[in-house]
Amino acid sequence: MFRSASDRSAAAAPSRCGPCRAAAAAMLLAGGLLSACAAGRLTDANQIDQALRQAELQPAAVAASAVQVVGPQGTMAPAPARRVIAQVAAEGEAGLLRHHLAVMGAQSRVRLYSHNRVRLLEDGPATFDAMFAAVERARSSVMVQSYIVDDAELAQRLARLLARKRAEGVEVALLRDAVGSFGTDPALFEALRQQGVPSCEFNPVNPLRRLGHWGLLHRDHRKIVVVDRETAFTGGINISAVYASGSWAGSSGRRPPEGSDPAQSGWRDTQVEIRGPAAVRLDALVRTTWQRQGCEAVLAPPQEPSREQPAEAPGDDVVRVVASGPDEPGDNRIHATLLGAIAASRRSVHLTMAYFAPGDRIVEALCEAARRGVDVQLVLPSMSDFAPVLHAGRARYEQLLSAGVRIHELQHSVLHAKTFVVDGVLSSVGSSNMDWRSFTGNDEVNAFVLGRDFGAAMERMFGRDVADSRPVTLASWRERPWPGRLVERAALMFERLW
């Protein structure tokens, strides 16, 4: 049985528990010190330059040969695929949209999912309201994958709901990361198991827990919930109590009570709800990870949209689901897509990032974009639950500000969002931070949404975050106290460990 409220209040979730969080961080740091260079491949600057030249010379040819469109009933023939792209282009800024498609196509083969309805969700309350409502309606399956599953009331509520849906005959599975959920009471997952809900931890900390599946540096940082292979949620939000009250920034219009601790509530994050064929792809990612991890229960196999499925078209949004991880062949696909988009930008790059320690290539791309007249603005944290990354990112401020990049630090709330909109037509919401661990040590997933309509919603959200932020100027930054400079320099030296 699930524990009573009094029992739950005695158990601290990892995001609220300093010792638990410190223990998890210490494990990762120890692994990083042992193997700081044993990392995945990042995109070479020459590859980006080549992709840009190819896209500029033959944009239509590159897009036609490298872009595949998948609809509700499977892969589309060239003619209907072109109509899908034309419909998105008709929203506005058609030239910019086709330019970015050509750049992505020059980097790698691109699979787009058409006929989706994508809804932007700001902060925890909106996300959990939508997510729980979708799970309540589940008829066939509920797949949950989260870096953190804590044992506070929110996770308990989800556990009860999963147990009830399993009793109704719905296929249910819960996958969590062993380090991210390190402080969670195992009784939560044992109670689920007793009620027929299979749960599995990704790369257990104890190598004897599941032989053949251990890797301290390789973590599952994805956040995915998929219902009936029709509705999916992904972004930066874990199954954690820190999101329960929403943030003190953005659309809430609230301010924290005097003396309150933002680290214990008021986290600013972003998720998307996707209804349509892209949900099938996210469902397949959860099932594939479950299989690769050798998890005990046998799930139905992964699928892609096919003619056996209904031809329902919930909307007109076009989505690219980009998954990455250290076991994937070649360069990190999320890093390559983000770096290529910055390098290809012509008007604007608006980035909101929780953990910003991106390495030289992305910093140089941001600076170069600003120098050629692109409006480059970053919303970054003023406080963090992991200070080393905060200081490593700040070590880059002078270089960025000197190039013309505008930096804003979000006030009152812990920033945990990982969002990006470039030229108003290419948007990203996902789990991947701009730090070394996200690009080389974690399984991550980002949803890239094409088109000006969704881009406009992203820009409005970005504007609200800017309004809730304090601008950082070059003059004021150069006057900061010297102890802070020393901390930043030390944090930057170990950037690849964070």
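In the annotation of an unreviewed UniProt entry, the entry for the protein reads Cardiolipin synthase, and the organism field reads Sphaerotilus uruguayifluvii.

A. Representation of the pattern of salt bridges in the model. Per the counting criterion, the structure on display carries 31 salt bridges. Of the charged contacts, one joins E304 and R111 as a salt bridge, the two residues approaching to 3.5 Å between their closest N and O atoms. Taken together, the positions of E304 in the loop between α10 (277-292) and β12 (317-324) and R111 in strand β3 (residues 110-122) put the pair 193 residues apart, joining distant regions of the chain. Exposure remark for E304: the relative accessible area of 27% places this residue in the partly exposed category. Salt-bridge contacts for R333 lead to E328; the nearest nitrogen and oxygen are separated by 3.2 Å. Because the salt bridges share partners, they merge into one network encompassing E122, D123, R268, R464 and D465.

B. Representation of the packing of helix α13 (residues 387-394) against helix α18 (residues 482-493) within the structure. The geometry of α13 relative to α18 is characterised by a closest axis approach of 7 Å and an angle of 100 degrees between their N-to-C directions. When the axis of α13 is compared with that of α18, the two are roughly perpendicular. Counted together, P388, H391, A392 and R394 of α13 and V487, E488, A491 and L492 of α18 form the full contact between these two elements.

C. Here's a closer look at the packing of aromatic side chains. The final tally for this structure, using the stated rule, is three aromatic pairs. An angle of 40 degrees between the planes, with centres 6.3 Å apart, marks the rings of F128 and F132 as tilted. Of this pair, F128 and F132 are both found in helix α7 (residues 123-136), four residues apart, which corresponds to roughly one turn of the helix. Given the relative accessible area of 4%, F128 is considered buried. Relative to W477, the ring of Y397 has its centre 4.8 Å away and its plane inclined at 45 degrees; by these criteria the two rings are tilted. Taken together, the residues span a long stretch of sequence, with Y397 in helix α14 (residues 397-403) and W477 in helix α17 (residues 474-478) at a distance of 80 residues. Y397 gets classed as buried once you look at its relative accessible area, which sits at 1%.

D. Main features of the UniProt feature "domain: PLD phosphodiesterase" (unreviewed entry) in the protein. UniProt records the feature "domain: PLD phosphodiesterase" (unreviewed entry) for residues 216-243 and 411-438 in the present numbering. End-to-end, the C-alpha atoms of residues 216-243 are 27 Å apart, and along that stretch the chain is 0% helix and 39% strand. Helix makes up 11% of residues 411-438 and strand 50%, whereas the separation of the span's terminal C-alpha atoms amounts to 24 Å.

E. Representation of the side chain of T419 within the structure. Its place among the elements puts T419 in strand β18 (residues 418-422). Not counting residues up to four positions away in its chain, the partners in contact with T419 are T270, H350, L351, T352, M353, S428, V429, M458 and M461.

F. Fine view of the pairing of strand β16 (residues 406-410). Burial within β16 is extensive, with four of its five residues counted as buried. Pairing of β16 with strand β22 (residues 469-472), which is carried by four bridges, proceeds in the antiparallel orientation. Counted as the bridge partner of H408 is P471 from β22.

Criteria and cut-off values
- Residues numbered from 1 in each chain as written.
- Predicted model: local features only at pLDDT ≥ 70, side-chain atom pairs only at ≥ 80, totals over all residues.
- Heavy atoms only, no water.
- Salt bridge = Lys/Arg side-chain N within 4 Å of Asp/Glu carboxyl O.
- Helix = DSSP H or I, 4+ residues; strand = E, 2+ residues; numbered from the N terminus.
- Buried < 20%, exposed > 50% of the residue type's maximum accessible area, 1.4 Å probe, protein only.
- Axes fitted to C-alpha atoms, helices over the stretch in contact; angles between N-to-C directions.
- Parallel < 35°, antiparallel > 145°, perpendicular 65-115°, else oblique.
- Contact = heavy atoms within 4.5 Å.
- Phe/Tyr/Trp six-rings, centres within 6.5 Å; stacked < 30°, edge-to-face > 60°.
- UniProt positions renumbered as here; feature names shortened; annotations may be inferred.
- Pairing = 2+ DSSP bridges.

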